[in-house]
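# A look at the structure
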Amino acid sequence: MELRTLLYGYNKRQFRFYLNETESTVVKQIFDDYIGGLTLQKIADRLTAEQVVYYKDKVTWNKHMVRRILENRHYAGDEEYPAIVTRAVYEQANEKRLKKGGDRETDSEQEKYFKSHTVCEQCGGRFTRRRNWSQTHEKWYCTCGCKNNIYIDDTLFYGQIITILSQVTETPGILHVSTVPNETYSPTLDVIRAEKETDRMAERKNIDFLPIKKAIYLNVSDKFDCCTLDTAKAFSDLLVRYFSKNQPIEDINLQTLRDTIDRIYINKCGTVKIKFINGAEISKEDSYGSDSNSTETKDNN
Ligand SMILES: [Zn+2]
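The numbering scheme is per chain: residues are counted from 1 as the chain's sequence reads. pLDDT decides what is reported in this predicted model: residues at 70 or higher carry local features, side-chain atom pairs at 80 or more are listed and counted, and totals for whole chains, interfaces and linings draw on all residues regardless. Note: side-chain values were computed over all heavy atoms of the structure, leaving out hydrogens and water.

### Section: the overall build of the chain
- Secondary structure elements are taken from DSSP: a helix is a run of H or I of four residues or more, a strand is a run of E of two residues or more, and numbering for both begins at the N terminus. In terms of regular secondary structure, the chain is built from ten helices and ten strands.
- Three labels apply to residues, based on accessible area from a 1.4 Å probe with only protein chains included: buried if under 20% of the type maximum, exposed if over 50%, partly exposed otherwise in between. Counting only residues that meet the buried cut, the chain has 36% of its 301 residues in that class.
- In the chain, the share of contacts with a sequence separation of at least 24, taken over all contacts with a separation of at least 6, comes to 53%.
- Counting every atom, the chain has about 19500 Å² of accessible surface; 51% of that belongs to carbon and sulfur. We call two residues in contact when some of their heavy atoms are within 4.5 Å. Surface exposure here means Shrake-Rupley accessible area, sampled with a 1.4 Å probe, where a residue is shielded only by the protein chains that are shown.

### A look at the nonpolar core
- What makes a nonpolar core is a set of buried Ala, Val, Leu, Ile, Met, Phe, Trp, Tyr and Cys residues whose side-chain atoms join them at distances within 4.5 Å. Among the nonpolar cores identified, the biggest contains 31 residues, and F114, F157, I161, L175, L257 and F276 are the most heavily contacted of them.
- The set of elements that each furnish at least two residues to this core consists of helix 4 (87-117), strand 5 (137-142), helix 5 (154-170), helix 8 (231-245), helix 9 (254-260), strand 8 (261-266) and strand 9 (272-276).
- Per element, the largest residue contribution to this core is seven residues, and it comes from helix 5.
- The residues touching L175, leaving out its near neighbours within four places in the chain, are V168, S236, L239, V240, F243, F276, N278, A280 and I282.
- Residues V26, V27, V66 and L70 belong to the second largest nonpolar core, which totals 26 residues.

### Concerning the sheet that holds strand 9
- Read from one edge to the other, the open sheet built from four strands follows the order 3-8-9-10, with strand pairing classed as mixed. Single-partner strands in this sheet number two, and they are strand 3 (118-120) and strand 10 (281-283). Averaged over all adjacent pairs, the angle separating strand axes in this sheet is 30°, with direction ignored.
- One bridge is not enough; two strands pair if DSSP finds at least two bridges between them. Strand direction decides the pairing type here: strand 9 and strand 10, joined by three bridges, are antiparallel. Bridged to K275 within strand 10 is E281.
- Inter-axis angles, ranging from 0 to 180 degrees, are taken between N-to-C directions of lines fitted to C-alpha atoms, where helices are fitted over the stretch in contact. Its contacts with the sheet place helix 5 against strand 3, strand 8, strand 9 and strand 10, and it is angled at close to 45° to strand 9.

### Quick notes on unusual backbone geometry
- At Q14, a position not held by glycine, the phi torsion is positive, near 45°.
- Turning to its location among the elements, Q14 is positioned in the loop between strand 1 (10-13) and strand 2 (16-19).
- On the basis of relative accessibility, which here comes to 71%, the residue Q14 falls in the exposed class.
- Of note, the phi angle at F15 is positive, near 65°, even though the residue is not glycine.
- In this fold, F15 is placed in the loop between strand 1 and strand 2.

### Description of helix 7 (residues 209-225)
- Helix length check: helix 7 (17 residues) gives 25 Å between terminal C-alpha atoms against 24 Å at 1.5 Å per residue, within 8%.
- Those residues of helix 7 lying buried are I212, A215 and N219. What you see down the axis of helix 7 is that its buried residues fit within an arc of 65°, all on one side. In helix 7, the exposed positions angled more than 90 degrees off the buried face are occupied by F209, L210, K214, Y217, L218, F224 and D225. One less than the residue count of a helix, multiplied by 1.5 Å, gives the span that helix is expected to have. The directions considered for the arc are those from the helix axis to the C-beta atoms.

### Here's the deal with the packing of helix 6 (residues 189-203) against helix 7
- At a closest axis distance of 10 Å, the pairing of helix 6 and helix 7 adopts a crossing angle of 155°. On the basis of the axis angle, helix 6 is roughly antiparallel to helix 7. Considering only the axes of helix 6 and helix 7, their crossing is left-handed. Across the interface between the two elements, V191, A194, E195, T198, M201 and A202 from helix 6 touch P211, I212, A215, I216, N219, D222 and K223 from helix 7.
- Residue classes in the contact of helix 6 with helix 7 are distributed as eight nonpolar, two polar and three charged. If an angle is under 35 degrees, it is roughly parallel; if it is over 145, roughly antiparallel; if it lies from 65 to 115, roughly perpendicular; otherwise it is oblique. A clockwise turn of the near helix away from the far one marks a right-handed crossing, whereas an anticlockwise turn of less than a right angle marks a left-handed crossing. Residues are sorted three ways: Asp, Glu, Lys and Arg are charged, Ala, Val, Leu, Ile, Met, Phe, Trp, Tyr, Cys and Pro are nonpolar, and all the rest, Gly among them, are polar.

### Some points on the pairing of strand 2
- Inspection of the sheet shows strand 1 paired to strand 2 by four bridges, in the antiparallel sense. Directly across from R13, in strand 2, lies its bridge partner R16.
- Linking two consecutive strands that pair antiparallel, namely strand 1 and strand 2, is a turn of two residues; a positive phi of about 45° is found at Q14 within it.

### Considerations on the environment of A93
- Tracing the chain through its elements places A93 in helix 4.
- Counting along the chain gives 59 residues from A93 to Y34, while the straight-line C-alpha distance between them is 6.7 Å.
- Once residues lying within four places of it in the same chain are set aside, the contact partners of A93 are F31, Y34, I35 and L70.

Okay, here's the thing in structure tokens:
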């Protein structure tokens, strides 16, 4: 018997597929069990316990094998494969599978991100989210028990995040932080000496390439240490370019947050402030360009 190249559930004779009676019964059972409420793992466990043969001596099943069967369109009679389940059963199983896996996972990824990046502006403590009474009464609050007893819900929290990000997308220029440009280069004596030495090496008649290359690299690295670079400016340019290319923001995009945000602050009034990777701090009021000098309320602790 050759290796299993044939889709589970079928035999092939003279270029045509036929149902394999035993295997197609197993496939049908998998769909029924899954729709009936068994998990992928439970189904795999049952098949293994019943020593159902997958191929040759292989009687151990895992949830990935079960999942691949559920998502394979051929079982609903696709292309030249005769159907094992009806299209309705196939759709029902896969709707359930997507609902279970996809959405819930991305939700919690987003929640995880916010939990690890949101900080109380009063005490520097962590903000966390709790579901209260019912799923609709969730709140974000400081875990440090400081006087910041502000609770904000998802709508208020995510709403402010989206507002700030949309404003930044519309007017990326507000991300420029005003830093004193002080990029300088003052090489030390050693650096100057080493530079002269590499010059001399390069002027020799018989150039030994490798040592020169090494010397140049070392020299460049030392020179770099003598520079004070305005990294904030470099990051600002990067961010402005990033947001100029961005589409209008309608919802929270986890990748954008990861790429551009350093930290999120919530103050005692429940106002959200985003600190971007270049150090620019923007909150809803700032982003609307109001001239209120409310930034002075910053921590006096
Ligand atoms: Zn706090």
